[in-house]
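Below, each chain spelled out in residue letters.
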Amino acid sequence: HLAKAMKVDRIIGICSGKNADYVKEAGATDVIDYTDEERLASFWSLEAGAIDCVVDCATSSGAGENYTKQSMGVLKPKTGQLVALNGPASTWIRYAIGKQRKQKSLITTEANSDDLRSIISLLDSTSTRPTVTCLPFTDEGVEEGFKMLKSRRVKGKVIFDVLGELK
């Protein structure tokens, strides 16, 4: 959604085929099914050195994934950027000591109202909202939410309604 709001021309989503429609609805212009090994290998090869930015949401997400090498291979040599939501211990250590590698960034955030307002403004410009599953802040709701997260099959975000005011 955010890349679309920022007027990015080409947004490539890599996901399983069953999530292709969801990823397209979120703004992807192209979708690569990672379960089609031949198509995925072709993508990595054909796009070598051609991509401006890769946002990696999967590396180190719980099943031993690491797409860093492939992602770095598709980046434009001097200007491409790999932005990761997570990474192996070495990525976090480099971040902590201020020695991130050139062309690699780790996303970390601080609670900041101005940034949240900017994100909302971007989303408003495209009339989109992220996919959210809202659960009650009860023992059962929290247990269900953590089961969903542990399944690694959640689409969007899981939130808990602490005040009991959301629908």
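Report follows, based on the coordinates. (Residues numbered from 1 in each chain as written. Predicted model: local features only at pLDDT ≥ 70, side-chain atom pairs only at ≥ 80, totals over all residues. Heavy atoms only, no water.)

## Focus on the overall build of the protein chain
Here's step 1: Of the regular secondary structure elements, the protein chain holds 7 helices and 7 strands.
Here's step 2: Each of the three principal axes of the protein chain carries a C-alpha extent, and together these read 50 × 40 × 35 Å.
Here's step 3: Every one of the 167 residues in the protein chain was classed for burial, and the buried ones make up 24%.
Here's step 4: In the protein chain, of all internal contacts separated by at least 6 residues, the share reaching a separation of at least 24 is 50%.
Here's step 5: Accessible area of the protein chain: about 11,700 Å², with a carbon and sulfur share of 54%.
Here's step 6: One way to put it: in the protein chain the 23 positive side-chain charges average out to a point 7 Å from where the 22 negative ones average out. (Helix = DSSP H or I, 4+ residues; strand = E, 2+ residues; numbered from the N terminus. Buried < 20%, exposed > 50% of the residue type's maximum accessible area, 1.4 Å probe, protein only. Contact = heavy atoms within 4.5 Å. Areas by Shrake-Rupley, 256 points an atom, 1.4 Å probe, with all protein chains shown as cover. Lys, Arg positive; Asp, Glu negative; His and termini not counted. Charge placed at Lys NZ, Arg CZ, Asp CG, Glu CD.)

## With respect to the nonpolar core
Here's step 1: Core analysis: the biggest nonpolar cluster contains 9 residues, these being Ile32, Leu40, Phe43, Trp44, Ile51, Val54, Val74, Leu75 and Leu82.
Here's step 2: When residues in this core are grouped by element, the largest group, 3 residues, is from helix α3 (residues 37–46).
Here's step 3: Beyond its immediate sequence surroundings of up to four residues, Ile51 is in contact with Arg10, Ile12, Val74, Leu75, Lys76 and Gly80.
Here's step 4: With 6 residues, the next largest nonpolar core counts Ile11, Cys15, Val23 and Ala28 among its residues. (Core = buried A, V, L, I, M, F, W, Y, C linked by side-chain atoms within 4.5 Å.)

## Here's the deal with the pattern of salt bridges
Opposite charge on two side chains permits pairing when their charged atoms draw close.
Here's step 1: Inspection of every chain in the model, using the stated rule, returns 5 salt bridges.
Here's step 2: Among the ionic pairs, Asp114 bridges to Arg117, the shortest N-O distance being 2.7 Å. In this pair, Asp114 and Arg117 are both assigned in helix α6 (residues 113–126), 3 residues apart and thus about one turn of the helix distant.
Here's step 3: Ionic contacts of the salt-bridge type, sharing partners, join the residues Arg10, Asp30 and Glu47 into one network. (Salt bridge = Lys/Arg side-chain N within 4 Å of Asp/Glu carboxyl O.)

## Comments concerning a nonpolar patch on the surface
Here's step 1: On the surface, Leu2, Met6, Val8, Leu116 and Ile119 cluster together into a nonpolar patch covering about 430 Å² of accessible area.
Here's step 2: In this structure, Met6 sits in the loop between α1 (2–5) and β1 (12–15). (Patch = residues over 30% accessible without salt bridge, like charges linked within 9 Å, V, L, I, M, F, W, Y side chains within 5 Å.)

## Describing the environment of Pro77
Here's step 1: Of note, Pro77 is situated in the loop between α4 (68–74) and β4 (81–84).
Here's step 2: Separated by 28 residues in the primary sequence, Pro77 and Gly49 have C-alpha atoms spaced 5.9 Å apart.

## Here's the deal with the sheet that holds strand β3 (residues 53–56)
Here's step 1: Read from one edge of the open sheet, 3 strands run β3-β4-β5, paired in parallel fashion. The outermost strands of the open sheet, each flanked by one partner alone, are β3 and β5 (104–106). Shown here is a sheet whose adjacent strand axes are inclined to one another by a mean of 15°, direction ignored.
Here's step 2: One ladder, built from 3 bridges, connects β4 with β5; its direction is parallel. Following the sheet pairing, Ala84 is matched in β5 by Leu106. (Pairing = 2+ DSSP bridges. Axes fitted to C-alpha atoms, helices over the stretch in contact; angles between N-to-C directions.)

## Topic: the pairing of strand β2 (residues 30–33)
Here's step 1: Relative to β2, β1 runs parallel, the two being bridged by 4 bridges. Across the sheet, the residue bridging to Gly13 is Val31, located in β2.
Here's step 2: In terms of handedness, the path from β1 via helix α2 (residues 20–25) over to β2 forms a crossover that is right-handed. (Right-handed = clockwise from strand over helix to strand, strands pointing away.)

## Quick look at the side chain of Ser16
Here's step 1: Within the secondary structure, Ser16 is located in the loop between β1 and α2.
Here's step 2: In this structure Ser16 comes out as buried when scored by relative accessible area, which is 9%.

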